Structure formats: C-alpha cells, structure tokens
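So the chains spell out like this:
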Amino acid sequence: MLAVTDLVVRYGQTTALHGVSFAVNRGEVVALVGPNGAGKTTALKAIVGLVTPASGSIEFDGATIVKHKPENLLRRGISLVPEGRHIFASLTVVENLALGAATRADRRAAKKDVAAFLDRFPALGRRRRSQAGKLSGGEQQQLAIARALIAQPELLMLDEPSLGLAPLVVDQIFGVVSELRDAGTTVLLVEQNATRAVELADRSYVLRTGEIVLEGDSQTVLNHEDFLASYLGVAAGAPGAPVASGVPAASGEVTA
Ligand SMILES: Nc1ncnc2c1ncn2[C@@H]1O[C@H](COP(=O)(O)OP(=O)(O)OP(=O)(O)O)[C@@H](O)[C@H]1O
Ligand SMILES: [Mg+2]
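Starting afresh in each chain, residues are numbered from 1 along the sequence in its written order. For naming, the first written chain is A and the first written ligand is 1, with later ones following in the order written. Per-residue local features of the predicted model are confined to residues with pLDDT of at least 70, and side-chain atom pairs are confined, for both listing and counting, to 80 or more; whole-chain, interface and lining totals are unaffected and use all residues. For the side-chain quantities, the full set of heavy atoms in the structure was used; hydrogens and water were omitted.

### Focus on helix α7 (residues 167–182)
In an α-helix, one turn spans 3.6 residues, which is why side chains three or four residues apart end up on the same side. Here is the rule we go by: Under the scheme used here, helices are H or I runs from DSSP no shorter than 4 residues and strands are E runs no shorter than 2 residues, and both carry numbers assigned from the N terminus. Each residue after the first adds 1.5 Å to the expected span of a helix. For the exposure calls, accessible area comes from a 1.4 Å probe over protein chains only, and a residue counts as buried if that area is under 20% of its type's maximum, exposed if over 50%, partly exposed in between. Think of the arc as the fan of directions from the helix axis to the C-beta atoms.
In a regular helix each residue adds 1.5 Å, so 16 residues correspond to 22 Å; α7 covers 22 Å between its end C-alpha atoms and thus fits that length. Every buried residue belonging to α7 is among Val 170, Ile 173, Phe 174, Val 176, Val 177 and Leu 180, and all of these are buried. Buried residues along α7 cover an arc of 150° about the axis, so they all sit on one side. Along α7, exposed side chains directed more than 90 degrees from the buried face belong to Pro 167, Leu 168 and Asp 182. Gly 184, located one to two residues past α7, shows a positive phi value of around 85°.

Okay, structure coming up:
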C-alpha cells in the first residue's frame, strides 16, 4: 500500500534521511522506532507532503505521491496524528470529531459515526461536551486518534502517541492501537516505547541517524543483538556494547 524507496531528506546542510526504504502493506501495523533525532518524524512528514525529499520515491496504492499537498493526501486516505496531538482546544469533543468527519462525502453516515466513536472511546463519550483543552493528556490523545479515524483513512500514521503520558495511560493508548490492529486498520506507528511498539506490530523498522539498521517481524527485531545497541548508540560487539539477551525484552521504555 505504501512504499518508500531510497528516501533522502535534507534540512539545509543536515541530511536527516540517507536513502531510507520501508513499506506498509494493507492491514498491517508497522512500527518505526529509533532514538531521538533518528529521522522518524521526518519520514512521516515526507509521506504527508510536509517536507519535500531531495530524492527517492514514495508510492501509495501504486501511484507516486511526492510533491502532493497535505490536504490532497488526506483525501487520498493518508492521515497523520502528529506528535503533540493537535486538537482544537477551545472546541468540544463532539466538535473536534465532527471536524474530523468534514472531509467525508457521506454526511449522514459521518454524523452517525461521531456517535459511534463516542461509544467506542468511553472516556470521550463521558466528556463529549467538554472543551478538548480541558481533557487529560491521554483523553486528548484518544481524541486525536478518534478524529483521524473518523475521516476513514486507509493508512493511519501515529507519531509518538504515548509521549508524555503516565504508565497507565500509555497502556490505554497501546490498547487502542491493539484494537486497531485487530480491526485490520493499516497503521504506521512511530514510538519511543520501542519494545512495546515492536511487540505490538506485525513488522518493524529500526531507524538510526537517518538509516534503517534493522527490520523484520517482532521476534527477529527483539532478539537481534543490534536492537538495543541501536538505542544506546553503541555498535554491537564494540567494547561496552550491551548484550541484548541479558536484558528483559518486555521492559518497555527504551529511549536514547
Ligand atoms: N525543521 C528542521 N530543521 C532542521 N533540522 C531538522 C528539522 N527537523 C528535524 N531536523 C533534524 O533532522 C533530524 C531528524 O529529526 P526528526 O525530528 O525526524 O527525528 P525523530 O526521529 O522524530 O526524533 P524524536 O524521537 O526526537 O522525535 C534531527 O537531526 C533533527 O535535528
Ligand atoms: Mg519525532
């Protein structure tokens, strides 16, 4: 469905992505993980047309989408929930959801879906008339995800949905993503909770300083000796390099 090939993105003198290739197939949850500054957000921005690649190709459903405008990409079915959840703070929960549905042609079905999403996300249902800015961080993240989903994207991209949330709330957000996976929603998940994201995803890519250094299914990636090394910035086998097998795999937070 999405195929990114040899993507190069530069910010002035800095090269953020040095020829990165990855793919997302329909119905898959794919995790893109890596330390701070690895280029994860840049990759998502390139896909939605917020940055223009220096070279490389991005294809969605077989058609090239480089140089398309962000609003056209939303219409084509690609939705990004950016880092820091950009909801409309002064509007209510229901109004935010209604805005998410605004791109849909089937107005009546879209209106029904607003009600359905309030059931599907009970925390939002309880606060439907509250201003979004008054919700907790976890509720705001759920609202941002629900608002993206209500536009019925073919591909949902989440940039660090658990960032800054308390552990219990992080669990809720991972629960939401698990439900999306079980429902067959196609998701590209960027996460700082690398181990959890990889465990949840069908396939994962580890990005480090603008290059994919590791890819594969959960087991392959989690068991690879370079997985933790990618985070700690030490080459595997180098003096002082961590021994992955000695570290509990499900420990959650692995950040740079
Ligand atoms: N607008 C910009 N102008 C210049 N350099 C930028 C810009 N945005 C990102 N960069 C640089 O590009 C590199 C990749 O940044 P990016 O935000 O994609 O990383 P990331 O993997 O999302 O990191 P994080 O985990 O901190 O969100 C970094 O070196 C960053 O400093
Ligand atoms: Mg980022």
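Text resumes after the structure shown.
### As for the site of ligand 1
Quick note on the threshold: Near residues are defined by distance, with any heavy atom within 4 Å of the molecule or strand qualifying the residue. Think of a polar contact as two N or O atoms within 3.5 Å of one another; within protein, one of them needs to be a possible hydrogen donor and the other a possible acceptor, and neighboring residues in sequence only count if both atoms come from side chains.
All residues adjacent to ligand 1 are Tyr 11, Ala 16, Pro 35, Asn 36, Gly 37, Ala 38, Gly 39, Lys 40, Thr 41, Thr 42, Glu 83 and Glu 160. One of the side-chain nitrogen or oxygen atoms of Asn 36 is found 3.0 Å away from an oxygen atom of ligand 1. A distance of 3.3 Å separates an oxygen atom of ligand 1 from a polar side-chain atom of Glu 160. Among the elements that line the shell around ligand 1, the one with the most residues is helix α1 (residues 40–47), at three residues.

### Quick notes on the sheet that holds strand β6 (residues 78–81)
Note the cut-off: For two strands to count as paired, DSSP must find a minimum of two bridges between them. To obtain each axis, a line is fitted to C-alpha atoms, and for helices this fit is confined to the stretch in contact; angles are then taken between N-to-C directions over 0 to 180 degrees. Whether two residues are in contact is decided by their heavy atoms, any of which lying within 4.5 Å being enough.
Taken in spatial order, the six strands make up an open sheet running β6-β7-β8-β3-β9-β10, and their pairing is mixed. At either end of the open sheet lies a strand with only one pairing partner, and these are β6 and β10 (211–217). Adjacent strand axes in the sheet meet at a mean angle of 15°, parallel and antiparallel pairs treated alike. Here five bridges tie strand β3 (residues 29–33) to strand β8 (residues 186–191), and the two strands are oriented parallel to one another. Of the residues in β8, the one forming a bridge with Ala 31 is Leu 189. Contacting β6 and β7 (155–159), helix α6 (residues 137–149) crosses the sheet at an angle of about 170° to β6.

### Details of the pattern of salt bridges
Convention followed: Criterion for a salt bridge: a side-chain nitrogen of Lys or Arg within 4 Å of a carboxyl oxygen of Asp or Glu.
Summed over all chains, the structure comprises eight salt bridges. Salt-bridge contacts for Arg 104 lead to Asp 113; the nearest nitrogen and oxygen are separated by 2.8 Å. Given the relative accessible area of 7%, Arg 104 is considered buried. A salt bridge links Arg 127 to Glu 139; the shortest N-O distance between them is 3.4 Å. One end of the pair, Arg 127, is in the loop between α5 (122–126) and α6; the other, Glu 139, is in helix α6, and 12 residues separate them in sequence.

All we've got here are geometric facts, nothing functional implied.
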